[in-house]
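Survey of secondary and tertiary structure
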Amino acid sequence: MFQPKKKRPRIRRTMSGLIALTLLSSLVFPSIAGAEPAEPSQVQFANVSVQAGQTVHVPVTLKQPYSQVSAYNMQIDYDTSALEVVRITPKSVSTISTSPEETGTGDFQYVINNEEGWVRIIWVDFNAGERLISDEQQLFDIEVKAKSNAAPGTKQLSVDQTDSEHWHFTNVEHNSGAQLSGGTITITAANSGGDNSGSTPTPNPGNSSGGGGGSVSPTTPVVTPVPSTPAVTKGVDIYVNGQKQEQSATASTSTVNNQVTTTVHVDNDKVINQIGSGLRTLLLPITGTGKGAVVGELNGKLVKTMEGSNAEVVIQTDSGTYTLPANQIQVDQILNQFGSTVPLEDITIQIAIVPSATSKQTAIQAAADKLENTTVIAAPIDFEVKAIWNGQQVNVDRFNSYVERTITLPEGVDGSKITTGVVLQPDGSLLHVPTKVIKGNVQDSAIINSLTNSTYALIYHPATFSDVSSHWSRDDVQDLASRLIVQGTGENVFAPDRSITRAEFTAVLLRGLGLHSPRSTEEASFTDVKTGSWYEDEVQTAVSYGLISGYADESFRPNSEISRAEALTIVSRAMKLVGLAQADASETTSLLSTYSDSAKVQAWAAEPVASAIKQELVQGADGKLMSDADISRAQSAAIVKRLLAKAGLI
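Report on the accompanying structure. No experiment lies behind these values; they were computed from the predicted model shown.

**Concerning the side chain of Thr588**
You can see Thr588 is positioned in helix α10 (residues 585–592). Discounting residues that sit within four places of it in the chain, Thr588 has contacts with Ala583, Ala606, Glu607 and Ala610.

Here it is, written out as structure tokens:
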């Protein structure tokens, strides 16, 4: 759900005002008179290399804090003929960042002046000693761009350490400066592949589970791990409507924490020029990366233009493919987060396919071990979308319609050994997401459709029940059970002919659709849905998606048996969510007229029942609809499976 950014108190941002904050920290943490450290603290600027026209990250690290640091202030100077600073990203724990363009204050502030060639940075612990810097850690990251006309050679990030306005550290036990080292930037000749004006951040995999409502998460300071090896950049080909576009993107590859990351920077203006001829698909095929992470970078202007053309962007890698309609990125909501006056071309949109972290792999395996007869097939993958501007980040993790992603199986892994894809929940459990397996000539793949971004895995979970072995519903029931959508009622028993309650039917439908949490924070209130009941969350989720509404007396009657008409009314609402056409008025009359008991279908149920007939979700029996009859567990499973199959989700 979209939440507006909270405003913080305004503060003066003059140069003297910034310095005053540092000096005031000496009053908050009075120094011991005359005390001096045995040795000065050490601050290290990384020495880096960068091609002309490219960007590079310079980590700034406090290497040896001999006393707890309560504040620091520094002005870093650089040669504007060759360099410009793109952004400053705080790295210290619990840091709140602001820049001159924001209307608030944080404990970390900065000013970038690319005309005069300096950046002023200040940090103050405003929390009475709760956030002192006492251990070796990275203070912040400087993203620097070497200008395209920069000559090969070396440039220095420098600080006048003799001027307290340019270099000052305040410690709890003493006031002193710190020794600085590093900061050499080696510029190499530009690569012929083209300009790469974006950064090369590695995605920070996260878990955003649950249903989607077309929302973006609130802004947070962007976290950009610093590459342990210099980025290697080359020109790459992209495809617009299937036609190769040479020299329209560059790819830079770097390694962060042993994770190889390839970032593709699209030439946004070149692609925008193609939209006039009817842009439908922008394909970024990045192969040869193996198990590495891949990030596609576009700017907000291109995404907004694609949105107007109903175009989609496709990231294609060795491990998977992400197909994302531009309108699902919701640029307008992102802009509201950053501020309506921010130029769209200054917002970086990153679409990432990332191998899941070891901790997530362990959690998925642990969850699978708790399920009976379950095997994890292939390594899990994170799919992410984020927007970055001026040191802030917005995660786009929920969508208005199903978004398709594909996981490519390793060679030799049989796709028939996959029963479903699952999403890792915050509580460590695994839940079904709509999945279908595609056989390939060399490698099979699994297509997952979801309303969220998250961590996805593929499992093999065959399920059988002794009491459906000769039942008409056997294939439907066992397929849904293998997908974790339906469950048995006892040891190897399903009870297919038993009636199903309203709460049970709602839960089965939600599991089938992969809706595991509400799309909004607005709570539904039913007089008979008890807090703490097993179905409380399911009812809340179903209401948030408009699938159920309850009765006029404000009850839901969760434990009452559900009729066929009631069940099909809920299913018809789900049809809208999955994009299946419903019956109009003329079709409703025609479709119902073929059944001998059509007159018994109440007016409120006529269109939903006709819609289910239109999409072949129900057929009736002996020429009758029996709309008032209770629906059975087997019939519920069959209808849900037909709904998912008809929508192409399984």
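What follows continues from the structure just given.
**So, the sheet that holds strand β14 (residues 184–188)**
Within a beta sheet, neighbouring strands are joined by backbone hydrogen bonds and run either parallel or antiparallel to one another. Read across the open sheet, the 3 strands follow the order β2-β14-β10; overall the sheet is mixed. Across the chains shown, the open sheet's two edge strands, defined by having one partner strand only, are β2 (48–51) and β10 (153–156). Looking at each pair of strands side by side, their axes are set apart by 30° on average, direction ignored.

**Describing the pattern of salt bridges**
Overall, the coordinates contain 18 salt bridges when judged by the stated rule. The salt bridge partner of Lys304 is Asp332, with a shortest N-O separation of 3.0 Å. Taken together, the residues span a long stretch of sequence, with Lys304 in helix α3 (residues 300–308) and Asp332 in helix α4 (residues 331–338) at a distance of 28 residues. Residue Glu616 is joined to Lys646 by a salt bridge in which the shortest nitrogen-to-oxygen separation is 3.7 Å. Of this pair, Glu616 sits in the loop between α11 (603–614) and α12 (633–646) while Lys646 sits in helix α12, and the two are 30 residues apart along the sequence. Taken together, the shared-partner salt bridges in this structure form one network comprising Asp476, Asp479, Arg483 and Lys641.

**A word on unusual backbone geometry**
Even without a glycine there, the phi angle at Arg557 is positive, about 55°. Its place among the elements puts Arg557 in the loop between α8 (536–544) and α9 (564–578). With relative accessibility at 34%, the residue Arg557 sits in the partly exposed group. Unlike most non-glycine residues, Met626 shows phi in positive territory, near 50°. For Met626, the location among the structural elements is in the loop between α11 and α12. We classify Met626 as partly exposed; its relative accessible area is 35%.

**Regarding the pairing of strand β7 (residues 108–113)**
Most of β7 sits inside the fold, with 5 of its 6 residues counted as buried. Bridge count between β7 and strand β8 (residues 118–124): 6 bridges; the pairing is antiparallel. Along β8, the bridge assignment pairs Asn113 with Trp118. Counting the residues in the hairpin turn of β7 and β8 gives 4 residues, including Gly117, whose phi is positive at 85°.

**So, the packing of aromatic side chains**
Per the counting criterion, the structure on display carries 10 aromatic pairs. Geometrically, the ring pair formed by Trp167 and Phe169 is tilted, given 5.2 Å between the ring centres and 50° between the ring planes. Since its relative accessible area comes to 2%, Phe169 is described here as buried. Between the aromatic rings of Phe338 and Trp389, the centroid separation amounts to 5.7 Å while the plane-to-plane angle is 50°, which identifies the pairing as tilted. One end of the pair, Phe338, is in helix α4; the other, Trp389, is in strand β24 (residues 375–389), and 51 residues separate them in sequence. On the basis of relative accessible area, Trp389 is assigned to the buried category, the value being 12%. Members of the aromatic cluster, each reached through a chain of ring pairs, are Tyr72, Trp123, Phe140, Trp167 and Phe169.

**Focus on the environment of Gly391**
Within the secondary structure, Gly391 is located in the loop between β24 and β25 (392–395). With a relative accessible area of 3%, Gly391 lands in the buried category. Sequence spacing of Gly391 and Thr89 is 302 residues, and the spatial spacing of their C-alpha atoms is 5.4 Å.

**Digging into the packing of helix α6 (residues 474–482) against α12**
Relative orientation of the contacting elements α6 and α12 amounts to 70°, with a least axis distance of 9 Å. If you check the angle between α6 and α12, you find them roughly perpendicular. Listed contacts from α12 to Asp475, Asp476, Val477, Asp479 and Leu480 of α6 are Ala634, Ala637, Ala638, Val640 and Lys641.

**Notes on α12**
Look at α12: 20 Å from first C-alpha to last across 14 residues, which is about the 20 Å you get at 1.5 Å a residue. Of the positions making up α12, those classed as buried are Arg633, Ala634, Ser636, Ala637, Ala638, Ile639, Val640, Leu643 and Leu644. In this fold, the buried residues of α12 make contact with α6, α7 (502–513) and α9. Gly648 sits one or two positions beyond α12 and adopts a positive phi of about 75°.

**Comments concerning α6**
With respect to burial, α6 is a largely interior element, 7 of its 9 residues being buried. Turning to α6, its buried residues are Asp476, Val477, Gln478, Asp479, Leu480, Ala481 and Ser482. Buried-residue contacts for α6 involve β27 (420–424) and α12. Residue Leu484 follows α6 closely and has a positive phi angle near 65°.

**Things to note about the nonpolar core**
Among the nonpolar cores identified, the biggest contains 60 residues, and Tyr402, Leu509, Leu513, Leu515, Leu547, Val609 and Leu643 are the most heavily contacted of them. Broken down by secondary-structure element, the contributors of at least two residues to this core are α6, α7, α8, α9, α11 and α12. The biggest single contributor to this core is α9, with 9 residues. In this structure, Leu284, Tyr322, Ile334 and Val385 belong to the second largest nonpolar core, which totals 53 residues.

**Side note on the pairing of strand β30 (residues 445–452)**
Counting buried residues in β30 gives 8 out of 8 residues, a clear majority hidden from the surface. In this sheet, β30 lies alongside strand β26 (residues 398–408) in antiparallel orientation, the contact comprising 7 bridges. Its bridge partner being in β30, Ile407 is matched across the sheet by Ala446. Where strand β29 (residues 435–438) folds back onto β30 in an antiparallel hairpin, the turn is made up of 6 residues.

**Examining the environment of Val85**
Along the chain, Val85 falls in strand β5 (residues 83–90). Along the backbone, Val85 and Ile142 are 57 residues apart, and their C-alpha atoms lie at a distance of 7.1 Å. Setting aside its immediate chain neighbours within four residues, Val85 contacts Tyr78, Ile112, Asn114, Ile142 and Glu143.

Scoring rules and cut-offs
Residues numbered from 1 in each chain as written. Predicted model: local features only at pLDDT ≥ 70, side-chain atom pairs only at ≥ 80, totals over all residues. Heavy atoms only, no water. Helix = DSSP H or I, 4+ residues; strand = E, 2+ residues; numbered from the N terminus. Contact = heavy atoms within 4.5 Å. Pairing = 2+ DSSP bridges. Axes fitted to C-alpha atoms, helices over the stretch in contact; angles between N-to-C directions. Salt bridge = Lys/Arg side-chain N within 4 Å of Asp/Glu carboxyl O. Buried < 20%, exposed > 50% of the residue type's maximum accessible area, 1.4 Å probe, protein only. Phe/Tyr/Trp six-rings, centres within 6.5 Å; stacked < 30°, edge-to-face > 60°. Parallel < 35°, antiparallel > 145°, perpendicular 65-115°, else oblique. Expected span 1.5 Å × (residues − 1). Core = buried A, V, L, I, M, F, W, Y, C linked by side-chain atoms within 4.5 Å.

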